[in-house]
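# Summary of structural features
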Amino acid sequence: MNFWKTNGTPSNKAIISAAASVTATAMIIRSITKDIIPSELRNYIYLKLKTIFTSFSSELTLVIEEYDNLNHNHLFKAAELYLEPIIPPNTPRLKISLPNKETKVSVSLEKNEEVTDIFKGITLKWKFMSNHAKVKYIPNPDQYHSTPVTEYRCFELSFHKKHKNLVLDSYLNHVVEKSKEMKEKKKTLKLHTLVVERVIGGRRGDVWQAVNLDHPANFDTIAMDIDAKKMIMEDLERFVKRKDFYRRVGKPWKRGYLLFGPPGTGKSSLIAAIANYLNFDIYDLELTDVKMNSDLRKLLISTANKSILVVEDIDCSIELNNRIAEARSSKTRSSSSHQGYDQGNQVTLSGLLNFIDGLWSSCGDERIIIFTTNHIEKLDPALLRAGRMDVHIHMSYCSPYGFKILASNYLGMTEHPLFMEIEELIEITKVTPAEIAEQLMKTEQSHVALSGLIEFLHCKKIEEEEAEKAKKVIVAEAEMNNNNNNGEEIQKTD
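Residues numbered from 1 in each chain as written. Predicted model: local features only at pLDDT ≥ 70, side-chain atom pairs only at ≥ 80, totals over all residues. Heavy atoms only, no water.

### Considering a nonpolar patch on the surface
Put simply, the rule reads: Each patch groups residues whose relative accessible area exceeds 30% and which form no salt bridge, using 9 Å between like charges and 5 Å between nonpolar side chains of Val, Leu, Ile, Met, Phe, Trp and Tyr. Calculation of accessible area relied on Shrake-Rupley with a 1.4 Å probe; when residues are assessed, cover is drawn exclusively from the protein chains displayed. Think of a salt bridge as a Lys or Arg side-chain nitrogen and an Asp or Glu carboxyl oxygen that are within 4 Å of each other. Helix and strand assignments come from DSSP, with helices taken as H or I runs of at least 4 residues and strands as E runs of at least 2, each series counted from the N terminus. Note on exposure labels: buried denotes an accessible area under 20% of the residue type's maximum, exposed denotes more than 50%, and partly exposed covers the range between, all computed with a 1.4 Å probe on protein chains only.
Taken together, Ile96, Leu98 and Val105 make up a surface patch of nonpolar side chains, about 310 Å² in accessible area. Residue placement: Leu98 occurs in the loop between strand E4 (94-97) and strand E5 (106-109). Classification of Leu98 as exposed rests on a relative accessible area of 52%.

Below you can see the structure in the form of structure tokens.
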């Protein structure tokens, strides 16, 4: 059989046969080497050879592992978020997922896929690596046990050695900052509530549990006067832009709001509108579930940055109208100490004030604290001063402007022949946005709904007039009784 062509060059069969012989020989040598040379020596030789080849290479590779010992490596997650928008469209394999309680799909690299990035004129290559590994148990703060991890995941970041300082000092900071922006864009707002048994019992795990915040309220739909809404939005925008200012003057980067007014005036809707406007999560704190000042501090520490802490009906949650409660707790503590039970362990006014503007209030950045109350007169003046509650917002009864917003929201209209009569009645009647909304929801027929609202407002007006007359009668009787008592006192003196 002739393996050579007529011009003296080897034929294809000859090349294939030679390649097969070389491969077979290499496999035999590898098998013999594996049997004769110990694995430790083989690994040593491999590392030495790798070191020799690396010394001739101009490329440096940084390895960013998913876990740093038993802790999550935040740079790994930052890299995942940073790379998502720059993954080229021609990437052959991608991994997509929909995380629990999220609404937006996440896209990431599949094993061994690469992405090239350009930063300040230098080229950087990212490669995602994933391999099976021995089972390792990572502590899970949200559960009572560890989480088994059977996969080793990391990113390899490769670039020219001469750019090492630029990458470490600038590029990685750039990755972290851009990942924060991506996280905000992908963020699904959450409403956090307390897990009471973990607060009281000191059990392990996160003391907050979260659900998606799907409240649709925004500043266009809440029934407030336009000037009040404008003031709040401008204050919020100024707050989030003043990080350097707060640092410079030595104050925690936080803002306190007090919403006060009758029930049904839209306090909860305003809180949701603020959350949607800033893209901040809400932490709903029920003070009656917190037994000690130390628990209150733990709750503050466990809230995230860029969040709103809400304490509703603060006047009903704790004795805050004066400092008698603290004196009482001190006496109770001393009188019950012989029983081995400290009844004085409770949230006090001083504990709450320290929570708002003391040292513990600086544990975190870009936070808003909102208190609501129906009775501002019941609150201690120490709670109301500037620096604790920076902005006081009076949530009053519905105005004609607020009614038009509600009519647009519920009936989809901005004008109607009955509007004028309704607005005149609203001007002289104390009616809340919630009451008007309830009337507008009764039917989808706009004329019927508005007519029903007019009837409701007339009834409301009559009730208020009768209540005012009754109040005048009570006052007159009280004055008459007081005059009679004074006359009797004068006669006795004579």
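### Concerning the nonpolar core
This is how the line gets drawn: By convention a nonpolar core is built from buried Ala, Val, Leu, Ile, Met, Phe, Trp, Tyr and Cys residues, the set being connected through side-chain atoms within 4.5 Å. Here a residue-residue contact requires only that any non-hydrogen atoms of the pair lie within 4.5 Å.
Of all hydrophobic cores here, the largest spans 29 residues; its most connected members are Leu270, Ile274, Ile308, Ile368 and Ile393. Mapped onto this core, the elements with two or more residues apiece are helix H6 (226-240), strand E11 (254-260), helix H8 (267-278), strand E13 (307-311), strand E14 (367-373) and strand E15 (391-394). Per-element accounting of this core gives the leading share, seven residues, to H8. When residues no more than four places from it in sequence are discounted, the contact partners of Ile393 are Met224, Ile232, Tyr257, Leu258, Leu259, Phe260 and Leu270. Leu258, Phe260, Val347 and Phe371 belong to the second largest nonpolar core, which has 28 residues in total.

### Considering unusual backbone geometry
If you check the backbone angles, Asn112 has positive phi at about 70° while not being a glycine. Looking at where Asn112 falls in the secondary structure, it is placed in the loop between E5 and strand E6 (114-119). A positive phi is found at Asp313, a non-glycine position, where the angle reads about 50°. Positionally, Asp313 belongs in the loop between E13 and helix H10 (314-317).

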